[in-house]
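So the chains spell out like this:
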Amino acid sequence: MIRVVVADDQALVRAGVRMLLEAAGEMEVCGEAVDGAQAVQHAERLRPDVLLMDLRMPRVDGLEATRRILAAWPAARIVILTTFAEDENVYAALRAGAIGFLVKDDEPERMVDAVRRAAAGEPLLAPSVLRRVVERALAAEEQAVPRVPAGLTDRELEVLSLVGAGLSNGEIADALHVGVTTVKTHVSTAMDKLGLRNRIQAAVVAHRIGLVGADFRPVRTPPRSGRSGPPPA
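Calculation notes
Residues numbered from 1 in each chain as written. Predicted model: local features only at pLDDT ≥ 70, side-chain atom pairs only at ≥ 80, totals over all residues. Heavy atoms only, no water. Salt bridge = Lys/Arg side-chain N within 4 Å of Asp/Glu carboxyl O. Helix = DSSP H or I, 4+ residues; strand = E, 2+ residues; numbered from the N terminus. Buried < 20%, exposed > 50% of the residue type's maximum accessible area, 1.4 Å probe, protein only. Axes fitted to C-alpha atoms, helices over the stretch in contact; angles between N-to-C directions. Parallel < 35°, antiparallel > 145°, perpendicular 65-115°, else oblique. Contact = heavy atoms within 4.5 Å. Nonpolar A, V, L, I, M, F, W, Y, C, P; charged D, E, K, R; others polar. Core = buried A, V, L, I, M, F, W, Y, C linked by side-chain atoms within 4.5 Å. Pairing = 2+ DSSP bridges. Phe/Tyr/Trp six-rings, centres within 6.5 Å; stacked < 30°, edge-to-face > 60°. Lys NZ or Arg CZ within 6 Å of the ring centre and 35° of its normal.

Evaluated as defined, the whole model comprises 13 salt bridges. Among the ionic pairs, arginine 18 bridges to glutamate 22, the shortest N-O distance being 3.2 Å. You can see arginine 18 and its partner glutamate 22 sitting in helix 1 (residues 11-23), 4 residues apart, about one turn around the helix. For arginine 18, a relative accessible area of 27% corresponds to the partly exposed category. On the accessibility criterion, glutamate 22 (34% relative accessible area) is partly exposed. For arginine 59, the salt bridge goes to aspartate 35, with nearest N and O atoms at 2.8 Å. Residue arginine 59 is found in the loop between strand 3 (50-54) and helix 3 (62-72), and its partner aspartate 35 is found in the loop between strand 2 (27-33) and helix 2 (36-46); the two are separated by 24 residues along the sequence. Arginine 59 gets classed as exposed once you look at its relative accessible area, which sits at 69%. Overall, aspartate 35 belongs to the buried group, its relative accessible area being 5%. Salt bridges linked by common partners bring Arg14, Arg18, Glu22 and Glu32 together as one network.

Okay, structure coming up:
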């Protein structure tokens, strides 16, 4: 059973999300929060598998709650709920370590899929959103000659390039003709070596070090010498 906390200041939204998730038969809404402060309390007390976090809430908003939760519990899996895909706070929350985001008018099945994937450690992030997040992150950094970090195997670099291109674990497994478990191991090992907390940060690094081109296609022969700078915060 996947345990979920839903944080939203609108009672109707919380009730709708609860009904949707619990109808899936494998999820339990173990807590509801009316603002970010209560979401932080629930995260600490309940340790849910996934938190669905609205951004626009009174007292403490979803962005600040996300920061507080991840500062105290880096392993928390937070999926952002928002009305506007262009909300500036979406990018800030993803950079802070949220595992993905959903727009409230998405199809209901997308929310169920997002919770399943978040519980498994894999975000649900539309390619168009990933592109914007990566572009914004790179634009905020000083430009430098890309260098691939030492210590990554060729297979880890290949997997990292596909993460940067926006592929899911299942899609990477199909592309490389390996099992999903093998892909998860490579992704986890590469992220550990780079000191990264989530796939979004991994995607930014993949672009920064030249594993993915501007067209979001993997680069077959990326630069191999030298070391990159520190991973994004």
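This part is about the packing of helix 7 (residues 154-164) against helix 10 (residues 199-208). Contact pair helix 7 / helix 10: the axes reach a minimum separation of 8 Å and the direction vectors enclose 105 degrees. As the angle between them shows, helix 7 and helix 10 are arranged roughly perpendicular. Contacts from Leu160, Val163 and Gly164 in helix 7 reach Arg199, Ala202, Ala203, Ala206 and His207 in helix 10. For the contact of helix 7 with helix 10, the residue count by class is 5 nonpolar, 2 polar and 1 charged.

Another aspect to go through is the nonpolar core. With 39 residues, the main nonpolar core has Leu51, Met53, Ile69, Ile78 and Ile80 as its most contacted residues. Setting aside chain neighbours within four positions, we find isoleucine 78 in contact with Leu51, Met53, Thr66, Ile69, Leu70, Ala98, Ile99 and Gly100. Core analysis: the second largest hydrophobic core is formed by 21 residues, Val159, Leu162, Ala206 and Val212 among them.

Pairing between sheet strands relies on hydrogen bonds along the backbone, with the strands arranged either parallel or antiparallel. Read from one edge to the other, the open sheet built from 5 strands follows the order 2-1-3-4-5, with strand pairing classed as parallel. Edge positions in the open sheet fall to strand 2 and strand 5 (100-103), since each of these has one partner strand only. Across the sheet, the mean angle from the axis of one strand to that of its neighbour is 25 degrees, orientation sign disregarded. Bridge count for strand 4 (residues 78-82) against strand 5 is 4 bridges, and the pairing is parallel.

It is worth spelling out the packing of aromatic side chains at this point. Tallying each qualifying case throughout the model produces 0 aromatic pairs. Over the ring of tryptophan 73 we find arginine 47; its NZ or CZ atom is 4.4 Å from the centre of that ring.

Worth remembering: the numbers are spatial, not functional.
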